[in-house]
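These are the residues of each chain, in order.
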Amino acid sequence: MTLPKALTIAGSDSSGGAGIQADLKTFQEHGIYGMSALTVVVAMNPHNNWSHDTYPIDADTVRAQLSTILEGIGVDVMKTGMLPTVEIIETAAKAIKDYNLNQAVIDPVMVCKGADEVIYPELAEALRDVLTPVAKIVTPNLWEAGQLSGMGALTTIEQMKEAAVKIHELGAQNVLIKGGNKLDHENAVDVFFDGNKYDILESERIDTPYTHGAGCTYSAAITAQLAKGVDVKDAVYEAKRFITSAIRNSFKLNQYVGPVNHGAQRFYGE
Ligand SMILES: Nc1ncnc2c1ncn2[C@@H]1O[C@H](COP(=O)(O)OP(=O)(O)O)[C@@H](O)[C@H]1O
Ligand SMILES: Cc1ncc(COP(=O)(O)O)c(C=O)c1O
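Residues numbered from 1 in each chain as written. Chains lettered and ligands numbered in written order. Predicted model: local features only at pLDDT ≥ 70, side-chain atom pairs only at ≥ 80, totals over all residues. Heavy atoms only, no water.

Colleague: For this particular structure, what's the right way to read unusual backbone geometry?
Modeller: Most peptide bonds take the trans form, and the phi angle of most residues other than glycine is negative. Of note, the phi angle at tryptophan 50 is positive, near 65°, even though the residue is not glycine. With respect to the helices and strands, tryptophan 50 occurs in the loop between β2 (33-45) and β3 (51-56). (Helix = DSSP H or I, 4+ residues; strand = E, 2+ residues; numbered from the N terminus.)

Colleague: Where do I start with the pairing of strand β9 (residues 174-178) in this structure?
Modeller: When a strand is regular, its side chains alternate between the sheet's two faces. In terms of burial, β9 is largely enclosed, as five of its five residues are buried. In the sheet, strand β8 (residues 137-138) pairs with β9 via two bridges, with the strands oriented parallel. Its bridge partner lying in β9, isoleucine 137 is registered against asparagine 174. When β9 meets strand β10 (residues 188-193), the two strands line up antiparallel, connected through four bridges. Paired with valine 175 across the two strands is phenylalanine 193, which belongs to β10. (Buried < 20%, exposed > 50% of the residue type's maximum accessible area, 1.4 Å probe, protein only. Pairing = 2+ DSSP bridges.)

Colleague: What's the story with the sheet that holds strand β1 (residues 5-13) in this structure? I'm lost.
Modeller: Picture the strands of a sheet paired through backbone hydrogen bonds; they go either parallel or antiparallel. Strand order across the open sheet formed by nine strands is β3-β2-β1-β4-β5-β8-β9-β10-β11, with mixed pairing between neighbours. The sheet terminates laterally at β3 and β11 (198-203), the two strands that pair on one side only. Across four bridges, the pairing between β1 and strand β4 (residues 77-80) is parallel. Residue alanine 6 lies in a different strand from β4, and its bridge partner there is valine 77. Helix α6 (residues 157-169) rests against β8, β9, β10 and β11 of the sheet, and its axis sits at about 30° to β10. (Contact = heavy atoms within 4.5 Å. Axes fitted to C-alpha atoms, helices over the stretch in contact; angles between N-to-C directions.)

Colleague: Explain the packing of helix α7 (residues 214-227) against helix α8 (residues 232-248) to me, please; I cannot follow it from the model alone.
Modeller: For any two helices packed against each other, one specifies the crossing angle of their axes together with the interaxial distance. Two elements in contact, α7 and α8, have axes separated by 8 Å at closest approach and are oriented at 140°. The angle between α7 and α8 places the two elements in the oblique class. As α7 runs across α8, the sense of the crossing is right-handed. Counted together, Ala214, Thr217, Tyr218, Ala221, Ile222, Gln225 and Leu226 of α7 and Val232, Ala235, Val236, Glu238, Ala239, Lys240, Phe242, Ile243 and Ile247 of α8 form the full contact between these two elements. (Parallel < 35°, antiparallel > 145°, perpendicular 65-115°, else oblique. Left-handed = near helix turned anticlockwise from the far one by under 90°.)

Encoded structure:
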């Protein structure tokens, strides 16, 4: 038999809820064969309020991993997550171009939830100018969309729509801005824009502090749907159902963090 194959170029979250761990768990939940190129190791400090310490992988090591996967095996779709340097951002963009990976899901990770830490603010420009233009779909959260669009803080759905147009103009074929629990709205609202039309994706807003890994899991679910041959808009709707179930069944790991439940849809349904 064969399985659709997906690649994630992303960081390791030692606590297991976000990053490459979220991506691979999510691929597995969808019956997709997952592969990874690790870009940075993130360790959370239990003795310092769970602050995030980052240990970047050097770009040559990232390229070697990509060579294994892209030259040695091949993939149907790919996604990016946390990328710690401009050189690694350029490496990911080059791989997309060189290998015609025209189904690239770009999650422009700049902030980590929990501590709400901005991890690599200096990389916003490279994510905007180098990676966004080669995206099949780019999936910023509210803060990241403010950076990519140059609009700064976004607080309304109208502003999200405006930002989506600006990000589309950068070259991304499709844009998904996640309102999440940062938007002043009773529901969890995301704005999807394909260059012609907006879709407003709205789900109940779940009253929980445990949403660690939500963005990674959402973009990985979109990637998995694309790998199955689903078109991009339907992939986003399917992934929204997946992430809502994962958040509804999220749980506490310790006093600092609670991840979404990647296996929730399979075990507990919508
Ligand atoms: N409390 C919540 N209840 C329901 N959906 C949520 C909640 N928080 C976030 N979401 C949804 O989870 C997905 C990921 O969004 P978000 O958490 O903002 O991403 P990120 O992890 O990149 O910051 C989006 O669809 C968002 O609307
Ligand atoms: C490696 C890695 N990638 C991405 C993220 C972003 O996580 P989220 O999906 O909660 O935005 C984190 C947060 O800790 C992380 O450690």
